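Here are the chains, one letter per residue:
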Amino acid sequence: MVEIYGTLGPACSDTQTLARLFAAGMTGVRLNLSHVGLPASAEQIAHLHAAARCCGVRPQLLLDLQGPELRTGVLPAPLPLEEGTRVRLGEEVPLPAPVLPHLLPGQEVLLDDGKLLLRVLEPLPGAALALVERGGVLRSRKSAALPGVDVHLPALTDSDRQNLRLAADYGVTGVMQPFVRGREDLEAVRQALDLSGGPSIRLFAKIENLDGVAKLPELIPAADEIVIARGDLGNSGPLWKLPALQKKIAAACRAAGRPFMVVTQMLASMEQNPVPTRAEVSDIFNAVLDGASSVMVTGETAVGKYPEEVIRFLASTVHEAEAYLQTL
């Protein structure tokens, strides 16, 4: 049976809504710890467990750690970035300090899963001047990527380690490690879990760049499940190469007998619309045919207008694909 995951957020943070999502077919949820920690999410988690008890299910609760992922800093308000304007990276758009030496003329900077594209014009003291080539509205703590650049960050942040120490107490069943670069990243997470009384908590390795794809042979044995995280993976090269990368990872997991998850923009249009596109349901269907053991939506349930409808379409499409597989 394919697991159906939503993501906790303001649109589904009460017991009643979460109960409806479980009734619609959701089997587990992701909690994004890029913005908050476990103690600050205690009320949401309590609602999750209350809803699960009402529906008679044992929910899967996945923590998505910060890890070595690059993100923008906190903004005082959403920042409009208009195409053709100039902006100071590191000041107007706060970035982690290790990024700044790599902001050289011509360097592309992708923000918010590549929705925004900036190009560095010139370095400045403690910052860099960049041209907005693809605009939009930037909000706090969004993903940042520098194609072709390896910015080395530790596998776990101090916040990650604190959250891992508390994971078992909050009923966490799985931990997602972002931007896995090698087996040592997964070993660091597993060691932290073992020391914190969470040896039974499953470890999910998120493949989000070409380094992760290249290291699949050593990552697959070290993870309980592989995550094809198409947001940043799609930023690692031309977007039209992403489908082949997804197929390659899926095939490697099938050959090794390792479960894998497909995530990112599965029903993105439903953040604003009550019905998905034909392409989206085909994407879900094909992910199941490729052997996915789980699928996940993120902003669709966290901040979208129609979280219950999202899970209903996701679960119904998955079940249709499972039924189709039975006929082959």
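Located above this text is the structure these notes cover.
Residues numbered from 1 in each chain as written. Predicted model: local features only at pLDDT ≥ 70, side-chain atom pairs only at ≥ 80, totals over all residues. Heavy atoms only, no water.

Enquirer: For the sheet that holds strand 10 (residues 144–145), give the residues involved together with the corresponding values.
Expert: As summarised here, the arrangement of the 5 strands in space is 5-8-7-6-10, forming an open sheet in which the pairing is antiparallel. Edge strands, defined here as strands with exactly one partner in the open sheet, are strand 5 (86–89) and strand 10. (Pairing = 2+ DSSP bridges. Helix = DSSP H or I, 4+ residues; strand = E, 2+ residues; numbered from the N terminus.)

Enquirer: Describe in detail the sheet that holds strand 15 (residues 294–296), supporting the description with residues and values.
Expert: The parallel closed barrel is built from 8 strands, whose spatial order is 1-2-3-11-12-13-14-15. Geometrically, the sheet is characterised by an average inter-axis angle of 25° between neighbouring strands, direction not taken into account. Two elements, strand 14 (residues 260–263) and strand 15, share 3 bridges in a ladder whose sense is parallel. In the sheet register, Val263 faces strand 15, and the bridge partner there is Met296. (Axes fitted to C-alpha atoms, helices over the stretch in contact; angles between N-to-C directions.)

Enquirer: An account of the nonpolar core is requested, with residue identities and associated values reported.
Expert: Formed by 66 residues in total, the largest nonpolar core has its most connected members in Val175, Ile226 and Ile249. Among the elements that make up this core, the one with the highest residue count is helix 11 (residues 307–327) (6 residues). Formed by 22 residues, the second largest nonpolar core is a distinct cluster that contains Val99, Ala128, Ala144 and Leu146. (Core = buried A, V, L, I, M, F, W, Y, C linked by side-chain atoms within 4.5 Å. Buried < 20%, exposed > 50% of the residue type's maximum accessible area, 1.4 Å probe, protein only.)

Enquirer: Describe in detail the state of the cysteines, supporting the description with residues and values.
Expert: Scanning the entire structure with this criterion turns up 0 disulfides. As a non-bridged cysteine, Cys55 has Cys54 as the owner of its nearest cysteine sulfur, 6.3 Å distant. (Disulfide = S-S within 2.5 Å.)

Enquirer: I'd like a rundown of helix 11, residues and numbers included.
Expert: Along its 21 residues, helix 11 runs 31 Å from first to last C-alpha, staying within 8% of the 30 Å computed at 1.5 Å per residue. Each element contacted by the buried residues of helix 11 is listed here: strand 1 (3–7), helix 1 (15–24), helix 9 (278–289), strand 15 and helix 10 (299–302). (Expected span 1.5 Å × (residues − 1). Contact = heavy atoms within 4.5 Å.)

Enquirer: Please give an account of the pattern of salt bridges that cites residues and values.
Expert: The tally for this structure, following the rule as stated, stands at 16 salt bridges. The salt bridge partner of Arg202 is Glu225, with a shortest N-O separation of 3.1 Å. With a gap of 23 residues between them, Arg202 in strand 12 (residues 202–207) and Glu225 in strand 13 (residues 225–229) connect regions that are remote in the sequence. The buried category is assigned to Glu225, whose relative accessible area is 4%. (Salt bridge = Lys/Arg side-chain N within 4 Å of Asp/Glu carboxyl O.)

Enquirer: Quick rundown of the environment of Ile201? Include the residues and the values.
Expert: Note on placement: Ile201 falls in the loop between helix 4 (183–195) and strand 12. The exposure class assigned to Ile201 is buried, which follows from its relative accessible area of 4%. A sequence separation of 34 residues divides Ile201 from Ala167, and the C-alpha atoms of the two residues are 8.6 Å apart. Apart from the residues within four sequence positions on either side, Ile201 is in contact with Ala167, Ala168, Val172, Thr173, Gly174, Val175, Arg190, Leu193 and Asp224.

Enquirer: Outline the packing of helix 1 against helix 2 (residues 42–55), supporting the account with residue identities and numerical values.
Expert: Between helix 1 and helix 2, the least distance of the axes is 8 Å, while the angle of their chain directions is 50°. When the axes of helix 1 and helix 2 are compared, the pair comes out oblique. Crossing geometry of helix 1 relative to helix 2 is assigned as right-handed. Here Thr15, Leu18, Ala19, Phe22 and Ala23 of helix 1 come into contact with helix 2, specifically with Gln44, His47, Leu48, Ala50, Ala51, Ala52 and Cys55. Each residue belonging to the contact of helix 1 with helix 2 can be placed in one class, and the counts come to 9 nonpolar, 3 polar and no charged. (Parallel < 35°, antiparallel > 145°, perpendicular 65-115°, else oblique. Left-handed = near helix turned anticlockwise from the far one by under 90°. Nonpolar A, V, L, I, M, F, W, Y, C, P; charged D, E, K, R; others polar.)

Enquirer: Please set out helix 3 (residues 158–166) residue by residue, giving values where relevant.
Expert: Those residues of helix 3 that sit buried are Asp160, Asn163 and Leu164. Looking straight down helix 3, one finds its buried side chains confined to an arc of 100°; they lie on one side. With respect to the buried face of helix 3, the exposed residues turned more than 90 degrees away are Asp158 and Arg165. The elements touched by buried residues of helix 3 are strand 3 (60–64), strand 11 (174–177) and helix 4. (Arc of directions from axis to C-beta.)

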